[in-house]
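# An overview of the molecular structure
So you can see what is in the structure, the chains are spelled out below.
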Amino acid sequence: MPNDPSIASIARLRGEFSCPAMEAGFLQHQSAEIRSQLRRALLLCSLFYVLFGINDIALLGPERALAPVLARVCMPLLAVLGLRHASRPGASVRAPYHVASAFTLCWMASFLVVTWCRPQEVLLHGMSLAIMVIVFNIFIPNRPLAAPLLACGATLAFLAIAFHQHQETTRHLRSMAVLLVFANVFGAAAANRFARLWREQYRTQQVLTSLSMRDPLTGCYNRRHLNDALLDDEMARARRDGLDLSLILCDLDGFKAINDTHGHHAGDLVLQRFAALLQSMTREGLDTVVRYGGEEFLVILPETAPEDAAALAERMRAACAVERIAFGDIALAASASFGVAGANLAAVRTLAPHALIAAADELMYEAKRAGRNRVRARRLLPPIGMAA
Ligand SMILES: Nc1nc2c(ncn2[C@@H]2O[C@H](COP(=O)(O)OP(=O)(O)OP(=O)(O)O)[C@@H](O)[C@H]2O)c(=O)[nH]1
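Note that this is a predicted model, so its numbers are computed, not measured.

## What to know about the layout of surface pockets
A volume near 510 Å³ is recorded for the second largest pocket. Where the lining of the second largest pocket is concerned, the elements lending two or more residues are α1 (20-51), α4 (95-117) and α5 (122-139). For the lining of the second largest pocket, the element with the highest residue contribution is α5, accounting for eight residues.

This is the structure:
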(Lines give C-alpha, C1' and ligand atoms only; values in the text may rest on other atoms or scores of the structure.)
Protein backbone atom coordinates (compact mmCIF):
# COMPACT_ATOMS: atom_id res chain seq x y z
CA MET A 1 0.00 0.00 0.00
CA PRO A 2 1.37 3.49 -0.79
CA ASN A 3 2.71 5.51 2.17
CA ASP A 4 0.38 8.37 1.30
CA PRO A 5 -3.10 6.98 0.52
CA SER A 6 -4.41 10.43 -0.44
CA ILE A 7 -2.60 10.18 -3.80
CA ALA A 8 -4.06 6.75 -4.70
CA SER A 9 -6.08 7.28 -7.88
CA ILE A 10 -9.20 5.38 -8.92
CA ALA A 11 -9.35 4.34 -12.59
CA ARG A 12 -12.43 6.05 -14.04
CA LEU A 13 -13.62 3.24 -16.32
CA ARG A 14 -12.48 0.26 -14.27
CA GLY A 15 -13.78 1.74 -11.01
CA GLU A 16 -10.81 0.21 -9.12
CA PHE A 17 -7.65 1.66 -7.57
CA SER A 18 -4.92 2.08 -10.19
CA CYS A 19 -2.36 0.83 -7.66
CA PRO A 20 -2.74 -2.99 -7.32
CA ALA A 21 -1.48 -2.94 -3.71
CA MET A 22 -4.13 -0.35 -2.74
CA GLU A 23 -6.85 -2.39 -4.49
CA ALA A 24 -5.67 -5.55 -2.70
CA GLY A 25 -5.72 -3.64 0.61
CA PHE A 26 -9.24 -2.43 -0.13
CA LEU A 27 -10.48 -5.96 -0.94
CA GLN A 28 -8.80 -7.34 2.17
CA HIS A 29 -10.36 -4.64 4.34
CA GLN A 30 -13.83 -5.15 2.84
CA SER A 31 -13.68 -8.93 2.46
CA ALA A 32 -16.13 -9.68 5.30
CA GLU A 33 -18.60 -7.14 3.90
CA ILE A 34 -18.23 -8.46 0.34
CA ARG A 35 -18.80 -12.04 1.49
CA SER A 36 -21.90 -11.09 3.44
CA GLN A 37 -23.28 -9.08 0.47
CA LEU A 38 -22.62 -12.06 -1.77
CA ARG A 39 -24.40 -14.46 0.60
CA ARG A 40 -27.47 -12.23 0.77
CA ALA A 41 -27.53 -11.62 -3.00
CA LEU A 42 -27.07 -15.23 -4.14
CA LEU A 43 -29.55 -16.74 -1.73
CA LEU A 44 -32.23 -14.12 -2.39
CA CYS A 45 -31.81 -14.22 -6.18
CA SER A 46 -31.82 -18.00 -6.43
CA LEU A 47 -34.84 -18.40 -4.13
CA PHE A 48 -36.88 -15.84 -6.10
CA TYR A 49 -35.82 -17.51 -9.30
CA VAL A 50 -36.96 -20.94 -8.09
CA LEU A 51 -40.34 -19.50 -7.04
CA PHE A 52 -40.97 -18.51 -10.67
CA GLY A 53 -40.82 -22.24 -11.50
CA ILE A 54 -44.50 -22.31 -10.45
CA ASN A 55 -45.22 -20.33 -13.63
CA ASP A 56 -43.32 -22.88 -15.74
CA ILE A 57 -45.48 -25.71 -14.38
CA ALA A 58 -48.71 -23.70 -14.76
CA LEU A 59 -47.94 -22.75 -18.37
CA LEU A 60 -46.17 -25.83 -19.71
CA GLY A 61 -47.59 -28.62 -17.57
CA PRO A 62 -45.45 -30.85 -15.32
CA GLU A 63 -43.81 -32.81 -18.14
CA ARG A 64 -42.72 -29.99 -20.43
CA ALA A 65 -41.76 -27.86 -17.41
CA LEU A 66 -39.12 -30.39 -16.33
CA ALA A 67 -36.18 -28.76 -18.18
CA PRO A 68 -36.88 -25.16 -17.06
CA VAL A 69 -37.67 -26.20 -13.49
CA LEU A 70 -34.47 -28.23 -13.27
CA ALA A 71 -32.53 -25.27 -14.68
CA ARG A 72 -34.05 -23.09 -11.95
CA VAL A 73 -33.44 -25.55 -9.11
CA CYS A 74 -29.74 -25.69 -9.97
CA MET A 75 -29.32 -22.07 -8.90
CA PRO A 76 -29.73 -22.38 -5.09
CA LEU A 77 -27.44 -25.43 -5.19
CA LEU A 78 -24.83 -23.48 -7.11
CA ALA A 79 -25.25 -20.56 -4.71
CA VAL A 80 -24.55 -22.76 -1.69
CA LEU A 81 -21.50 -24.38 -3.35
CA GLY A 82 -20.16 -21.00 -4.46
CA LEU A 83 -20.61 -19.46 -1.01
CA ARG A 84 -18.77 -22.38 0.59
CA HIS A 85 -15.95 -21.92 -1.93
CA ALA A 86 -15.69 -18.18 -1.22
CA SER A 87 -15.62 -18.59 2.56
CA ARG A 88 -13.29 -21.60 2.84
CA PRO A 89 -10.18 -20.90 4.95
CA GLY A 90 -7.37 -19.49 2.83
CA ALA A 91 -9.72 -18.39 0.02
CA SER A 92 -8.30 -15.46 -1.95
CA VAL A 93 -9.83 -12.01 -1.49
CA ARG A 94 -11.00 -12.21 -5.09
CA ALA A 95 -12.80 -15.56 -4.56
CA PRO A 96 -16.22 -13.89 -3.93
CA TYR A 97 -15.87 -12.09 -7.27
CA HIS A 98 -15.06 -15.33 -9.08
CA VAL A 99 -18.10 -16.95 -7.47
CA ALA A 100 -20.27 -13.95 -8.43
CA SER A 101 -19.18 -14.23 -12.07
CA ALA A 102 -19.71 -18.00 -12.17
CA PHE A 103 -23.15 -17.65 -10.57
CA THR A 104 -24.15 -14.88 -13.00
CA LEU A 105 -23.07 -17.00 -15.97
CA CYS A 106 -24.99 -20.07 -14.76
CA TRP A 107 -28.03 -17.97 -13.92
CA MET A 108 -28.02 -16.55 -17.42
CA ALA A 109 -27.60 -20.00 -19.00
CA SER A 110 -30.52 -21.26 -16.92
CA PHE A 111 -32.62 -18.21 -17.84
CA LEU A 112 -31.93 -18.78 -21.53
CA VAL A 113 -33.19 -22.38 -21.16
CA VAL A 114 -36.42 -21.02 -19.64
CA THR A 115 -36.69 -18.44 -22.44
CA TRP A 116 -36.17 -21.11 -25.06
CA CYS A 117 -38.87 -23.33 -23.53
CA ARG A 118 -41.44 -20.51 -23.21
CA PRO A 119 -41.03 -18.48 -26.46
CA GLN A 120 -44.59 -17.10 -26.42
CA GLU A 121 -43.69 -14.84 -23.42
CA VAL A 122 -40.62 -13.24 -24.82
CA LEU A 123 -41.68 -9.70 -23.78
CA LEU A 124 -42.13 -10.78 -20.16
CA HIS A 125 -38.72 -12.46 -20.28
CA GLY A 126 -37.27 -9.23 -21.66
CA MET A 127 -38.68 -7.35 -18.66
CA SER A 128 -37.27 -9.97 -16.29
CA LEU A 129 -33.89 -9.69 -17.97
CA ALA A 130 -33.92 -5.91 -17.58
CA ILE A 131 -34.37 -6.42 -13.82
CA MET A 132 -31.69 -9.13 -13.79
CA VAL A 133 -29.23 -6.81 -15.55
CA ILE A 134 -29.70 -4.26 -12.76
CA VAL A 135 -29.28 -7.04 -10.18
CA PHE A 136 -26.02 -8.28 -11.83
CA ASN A 137 -24.63 -4.78 -11.83
CA ILE A 138 -25.74 -3.46 -8.48
CA PHE A 139 -26.86 -6.19 -6.13
CA ILE A 140 -24.40 -9.05 -6.70
CA PRO A 141 -20.94 -7.82 -5.59
CA ASN A 142 -18.51 -8.26 -8.47
CA ARG A 143 -15.58 -6.50 -10.10
CA PRO A 144 -16.85 -3.17 -11.42
CA LEU A 145 -16.05 -4.08 -15.03
CA ALA A 146 -16.95 -7.81 -14.90
CA ALA A 147 -20.61 -7.31 -14.00
CA PRO A 148 -21.47 -4.99 -16.95
CA LEU A 149 -19.63 -7.26 -19.38
CA LEU A 150 -21.52 -10.34 -18.17
CA ALA A 151 -24.82 -8.44 -18.29
CA CYS A 152 -24.07 -7.28 -21.80
CA GLY A 153 -23.18 -10.80 -22.97
CA ALA A 154 -26.39 -12.17 -21.43
CA THR A 155 -28.46 -9.49 -23.16
CA LEU A 156 -26.94 -10.24 -26.57
CA ALA A 157 -27.57 -14.00 -26.15
CA PHE A 158 -31.16 -13.32 -25.09
CA LEU A 159 -31.81 -10.97 -28.03
CA ALA A 160 -30.36 -13.56 -30.41
CA ILE A 161 -32.88 -16.14 -29.13
CA ALA A 162 -35.77 -13.63 -29.17
CA PHE A 163 -35.11 -12.56 -32.78
CA HIS A 164 -34.48 -16.15 -33.82
CA GLN A 165 -37.80 -17.42 -32.40
CA HIS A 166 -39.64 -14.27 -33.58
CA GLN A 167 -42.89 -14.85 -31.67
CA GLU A 168 -43.59 -11.09 -31.37
CA THR A 169 -43.77 -8.34 -33.96
CA THR A 170 -40.40 -6.82 -34.90
CA ARG A 171 -41.63 -3.48 -33.47
CA HIS A 172 -42.16 -5.06 -30.01
CA LEU A 173 -38.83 -6.85 -30.16
CA ARG A 174 -37.10 -3.58 -31.08
CA SER A 175 -38.74 -1.76 -28.13
CA MET A 176 -37.68 -4.58 -25.84
CA ALA A 177 -34.09 -4.34 -27.16
CA VAL A 178 -34.07 -0.59 -26.44
CA LEU A 179 -35.34 -1.23 -22.91
CA LEU A 180 -32.55 -3.76 -22.38
CA VAL A 181 -29.90 -1.38 -23.71
CA PHE A 182 -31.19 1.23 -21.28
CA ALA A 183 -31.05 -1.25 -18.37
CA ASN A 184 -27.46 -2.17 -19.28
CA VAL A 185 -26.25 1.41 -19.58
CA PHE A 186 -28.01 2.53 -16.39
CA GLY A 187 -26.82 -0.56 -14.48
CA ALA A 188 -23.19 -0.18 -15.61
CA ALA A 189 -23.13 3.55 -14.79
CA ALA A 190 -24.65 2.94 -11.35
CA ALA A 191 -22.22 0.06 -10.64
CA ASN A 192 -19.25 2.22 -11.64
CA ARG A 193 -20.44 5.09 -9.47
CA PHE A 194 -21.00 2.81 -6.51
CA ALA A 195 -17.57 1.14 -6.93
CA ARG A 196 -15.82 4.52 -7.03
CA LEU A 197 -17.76 5.94 -4.08
CA TRP A 198 -16.94 2.85 -2.01
CA ARG A 199 -13.24 3.22 -2.81
CA GLU A 200 -13.28 6.97 -2.15
CA GLN A 201 -14.76 6.29 1.26
CA TYR A 202 -12.04 3.69 1.93
CA ARG A 203 -9.33 6.12 0.77
CA THR A 204 -10.63 8.83 3.14
CA GLN A 205 -10.61 6.31 5.97
CA GLN A 206 -7.01 5.34 5.12
CA VAL A 207 -5.95 9.01 4.98
CA LEU A 208 -7.45 9.62 8.44
CA THR A 209 -5.81 6.49 9.83
CA SER A 210 -2.48 7.52 8.35
CA LEU A 211 -2.83 11.06 9.77
CA SER A 212 -3.51 9.67 13.21
CA MET A 213 -0.45 7.38 13.01
CA ARG A 214 2.15 9.65 11.42
CA ASP A 215 4.01 12.80 12.32
CA PRO A 216 3.10 15.50 9.76
CA LEU A 217 6.58 17.10 9.66
CA THR A 218 8.69 14.02 8.98
CA GLY A 219 6.17 11.37 7.81
CA CYS A 220 7.54 8.97 10.45
CA TYR A 221 5.16 7.04 12.70
CA ASN A 222 4.20 9.02 15.80
CA ARG A 223 4.43 8.08 19.43
CA ARG A 224 0.71 7.43 19.73
CA HIS A 225 0.96 4.67 17.16
CA LEU A 226 4.02 3.30 18.93
CA ASN A 227 2.12 3.18 22.21
CA ASP A 228 -1.02 1.76 20.60
CA ALA A 229 0.46 -1.35 19.09
CA LEU A 230 3.67 -1.06 17.15
CA LEU A 231 6.32 -2.19 19.63
CA ASP A 232 4.04 -4.56 21.56
CA ASP A 233 3.18 -6.38 18.32
CA GLU A 234 6.80 -6.62 17.19
CA MET A 235 7.94 -7.88 20.59
CA ALA A 236 5.14 -10.44 20.72
CA ARG A 237 6.13 -11.68 17.27
CA ALA A 238 9.82 -11.89 18.17
CA ARG A 239 8.96 -13.77 21.38
CA ARG A 240 6.70 -16.22 19.52
CA ASP A 241 9.26 -16.88 16.78
CA GLY A 242 12.31 -16.86 19.09
CA LEU A 243 13.93 -13.95 17.22
CA ASP A 244 16.20 -11.05 18.09
CA LEU A 245 14.77 -7.55 18.17
CA SER A 246 16.73 -4.31 18.52
CA LEU A 247 15.94 -0.65 19.02
CA ILE A 248 17.97 2.40 18.09
CA LEU A 249 17.12 5.58 19.96
CA CYS A 250 18.84 8.61 18.47
CA ASP A 251 18.82 12.30 19.25
CA LEU A 252 20.25 15.21 17.27
CA ASP A 253 23.11 16.95 19.06
CA GLY A 254 22.92 20.64 19.90
CA PHE A 255 19.65 20.97 18.01
CA LYS A 256 18.50 23.91 20.13
CA ALA A 257 21.48 25.88 18.82
CA ILE A 258 20.37 25.27 15.19
CA ASN A 259 16.92 26.63 16.03
CA ASP A 260 18.34 29.57 17.97
CA THR A 261 20.92 30.48 15.31
CA HIS A 262 19.07 29.84 12.04
CA GLY A 263 15.42 29.80 13.10
CA HIS A 264 12.74 27.09 13.35
CA HIS A 265 12.46 26.62 9.56
CA ALA A 266 16.08 25.55 9.49
CA GLY A 267 15.43 23.24 12.47
CA ASP A 268 12.43 21.70 10.72
CA LEU A 269 14.51 21.08 7.60
CA VAL A 270 17.22 19.34 9.61
CA LEU A 271 14.58 17.15 11.27
CA GLN A 272 13.08 16.21 7.90
CA ARG A 273 16.46 15.36 6.40
CA PHE A 274 17.50 13.34 9.43
CA ALA A 275 14.21 11.38 9.33
CA ALA A 276 14.65 10.78 5.58
CA LEU A 277 18.18 9.54 6.19
CA LEU A 278 16.99 7.09 8.87
CA GLN A 279 14.19 5.85 6.61
CA SER A 280 16.47 5.44 3.62
CA MET A 281 18.89 3.31 5.67
CA THR A 282 16.25 0.93 7.06
CA ARG A 283 14.41 -1.97 5.40
CA GLU A 284 11.10 -0.99 3.83
CA GLY A 285 8.15 -2.95 5.17
CA LEU A 286 10.15 -4.47 8.05
CA ASP A 287 11.85 -1.73 10.09
CA THR A 288 9.95 1.20 11.53
CA VAL A 289 11.09 4.77 12.24
CA VAL A 290 9.12 6.61 14.92
CA ARG A 291 9.44 10.27 15.86
CA TYR A 292 9.74 9.65 19.58
CA GLY A 293 10.09 13.25 20.78
CA GLY A 294 11.07 16.68 19.38
CA GLU A 295 14.44 15.75 17.87
CA GLU A 296 14.49 12.16 19.09
CA PHE A 297 13.77 9.16 16.84
CA LEU A 298 13.25 5.49 17.61
CA VAL A 299 14.08 2.83 15.03
CA ILE A 300 12.52 -0.61 15.56
CA LEU A 301 14.53 -3.38 13.94
CA PRO A 302 12.80 -6.77 14.00
CA GLU A 303 14.87 -9.91 13.37
CA THR A 304 18.06 -7.95 14.09
CA ALA A 305 20.79 -8.78 16.60
CA PRO A 306 21.98 -5.81 18.73
CA GLU A 307 25.46 -6.22 17.23
CA ASP A 308 24.04 -5.69 13.71
CA ALA A 309 21.85 -2.83 14.96
CA ALA A 310 24.98 -1.18 16.45
CA ALA A 311 26.73 -1.47 13.07
CA LEU A 312 23.71 0.13 11.39
CA ALA A 313 23.62 2.92 14.01
CA GLU A 314 27.31 3.57 13.34
CA ARG A 315 26.58 3.91 9.59
CA MET A 316 23.69 6.26 10.38
CA ARG A 317 25.89 8.34 12.67
CA ALA A 318 28.63 8.65 10.03
CA ALA A 319 26.10 9.52 7.28
CA CYS A 320 24.49 12.20 9.45
CA ALA A 321 27.83 13.71 10.44
CA VAL A 322 28.95 14.25 6.83
CA GLU A 323 25.61 15.43 5.46
CA ARG A 324 25.30 19.13 4.62
CA ILE A 325 21.82 20.60 4.28
CA ALA A 326 21.43 23.64 2.05
CA PHE A 327 19.37 26.35 3.75
CA GLY A 328 19.42 29.53 1.70
CA ASP A 329 23.09 30.23 1.18
CA ILE A 330 24.31 28.35 4.23
CA ALA A 331 25.03 24.65 4.65
CA LEU A 332 23.65 23.26 7.91
CA ALA A 333 25.52 20.46 9.63
CA ALA A 334 24.27 18.21 12.41
CA SER A 335 25.35 15.15 14.32
CA ALA A 336 23.42 12.70 16.45
CA SER A 337 23.98 10.38 19.40
CA PHE A 338 22.72 6.79 19.31
CA GLY A 339 21.69 4.27 21.96
CA VAL A 340 21.18 0.68 20.79
CA ALA A 341 19.52 -2.04 22.88
CA GLY A 342 18.41 -5.45 21.75
CA ALA A 343 17.70 -8.94 22.95
CA ASN A 344 16.61 -12.37 21.94
CA LEU A 345 13.00 -12.29 23.06
CA ALA A 346 12.83 -16.04 23.51
CA ALA A 347 15.71 -15.81 26.02
CA VAL A 348 14.52 -12.64 27.80
CA ARG A 349 10.85 -13.57 27.88
CA THR A 350 9.76 -11.07 30.52
CA LEU A 351 11.31 -8.03 28.84
CA ALA A 352 8.64 -5.31 28.55
CA PRO A 353 8.57 -2.77 25.67
CA HIS A 354 9.13 0.18 28.01
CA ALA A 355 12.16 -1.58 29.54
CA LEU A 356 13.75 -2.06 26.13
CA ILE A 357 13.16 1.63 25.27
CA ALA A 358 14.52 2.68 28.67
CA ALA A 359 17.71 0.66 28.02
CA ALA A 360 18.18 2.35 24.61
CA ASP A 361 17.47 5.75 26.18
CA GLU A 362 20.05 5.18 28.90
CA LEU A 363 22.64 4.20 26.28
CA MET A 364 21.80 7.23 24.16
CA TYR A 365 22.43 9.54 27.17
CA GLU A 366 25.65 7.67 27.81
CA ALA A 367 26.68 8.58 24.23
CA LYS A 368 25.74 12.21 24.91
CA ARG A 369 27.75 12.29 28.13
CA ALA A 370 30.74 10.72 26.36
CA GLY A 371 30.92 13.74 24.02
CA ARG A 372 27.99 13.25 21.52
CA ASN A 373 28.17 12.05 17.88
CA ARG A 374 28.73 8.45 18.98
CA VAL A 375 27.01 5.10 19.42
CA ARG A 376 26.56 3.06 22.59
CA ALA A 377 25.07 -0.43 22.34
CA ARG A 378 24.20 -3.34 24.60
CA ARG A 379 22.61 -6.79 24.33
CA LEU A 380 20.11 -7.37 27.15
CA LEU A 381 20.59 -10.76 28.77
CA PRO A 382 18.22 -12.78 30.94
CA PRO A 383 18.67 -12.26 34.70
CA ILE A 384 21.33 -14.61 36.16
CA GLY A 385 19.85 -18.02 36.94
CA MET A 386 17.10 -17.60 34.32
CA ALA A 387 19.22 -18.08 31.19
CA ALA A 388 17.63 -20.49 28.73
N1 LIG B 1 12.41 23.35 14.60
C2 LIG B 1 11.90 22.48 15.45
N3 LIG B 1 12.40 22.40 16.69
C4 LIG B 1 11.89 21.52 17.55
C5 LIG B 1 10.85 20.66 17.19
N6 LIG B 1 10.54 19.89 18.25
C7 LIG B 1 11.39 20.22 19.24
N8 LIG B 1 12.22 21.21 18.82
C9 LIG B 1 13.29 21.91 19.55
O10 LIG B 1 14.35 20.99 19.81
C11 LIG B 1 15.15 21.58 20.83
C12 LIG B 1 15.68 20.48 21.72
O13 LIG B 1 16.60 21.06 22.59
P14 LIG B 1 17.40 20.24 23.68
O15 LIG B 1 16.45 19.27 24.33
O16 LIG B 1 18.07 21.25 24.57
O17 LIG B 1 18.42 19.38 22.90
P18 LIG B 1 19.76 19.75 22.11
O19 LIG B 1 19.90 21.22 21.91
O20 LIG B 1 19.75 18.92 20.88
O21 LIG B 1 20.87 19.26 23.09
P22 LIG B 1 21.41 17.79 23.25
O23 LIG B 1 20.30 16.85 22.93
O24 LIG B 1 21.82 17.72 24.68
O25 LIG B 1 22.56 17.64 22.33
C26 LIG B 1 14.26 22.57 21.55
O27 LIG B 1 14.72 23.87 21.30
C28 LIG B 1 12.89 22.38 20.91
O29 LIG B 1 12.16 23.60 20.81
C30 LIG B 1 10.30 20.79 15.87
O31 LIG B 1 9.35 20.09 15.45
N32 LIG B 1 10.85 21.70 15.04
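## Focus on the site of the ligand
The immediate surroundings of the ligand are formed by 17 residues, with F255, K256, D268, R291 and R372 found nearest. Between the ligand and N259, the relevant distance is 2.9 Å, taken from a nitrogen atom to a side-chain nitrogen or oxygen of the residue. Look at the ligand: alone it shows 680 Å² of surface, and the protein chains cover 66% of it. Those elements giving two or more residues to the shell around the ligand turn out to be β1 (244-252), α9 (255-262) and α10 (264-280). Split into classes, the residues belonging to the shell around the ligand amount to four nonpolar, five polar and eight charged.

## Re the UniProt feature "transmembrane region" (unreviewed entry) in the protein chain
Sequence positions flagged by UniProt for "transmembrane region" (unreviewed entry) are, in local numbering, residues 41-59, 65-83, 95-116, 122-140, 145-164 and 176-195. From the first C-alpha to the last, residues 41-59 spans 28 Å; its make-up is 95% helix and 0% strand. Taken end to end, residues 65-83 has its terminal C-alpha atoms 28 Å apart, with 95% of it in helix and 0% in strand.

Cut-offs applied
- Residues numbered from 1 in each chain as written.
- Predicted model: local features only at pLDDT ≥ 70, side-chain atom pairs only at ≥ 80, totals over all residues.
- Heavy atoms only, no water.
- 1 Å grid on protein atoms, 1.4 Å probe; cavity = no way out; pocket = protein on both sides within 12 Å on 5 of 7 lines; lining within 4 Å.
- Points joined across faces, edges and corners; volume = space filled by probe spheres on them.
- Helix = DSSP H or I, 4+ residues; strand = E, 2+ residues; numbered from the N terminus.
- Near = heavy atom within 4 Å.
- Polar contact = N/O pair within 3.5 Å; in protein donor to acceptor, adjacent residues only side chain to side chain.
- Areas by Shrake-Rupley, 256 points an atom, 1.4 Å probe, with all protein chains shown as cover.
- Nonpolar A, V, L, I, M, F, W, Y, C, P; charged D, E, K, R; others polar.
- UniProt positions renumbered as here; feature names shortened; annotations may be inferred.

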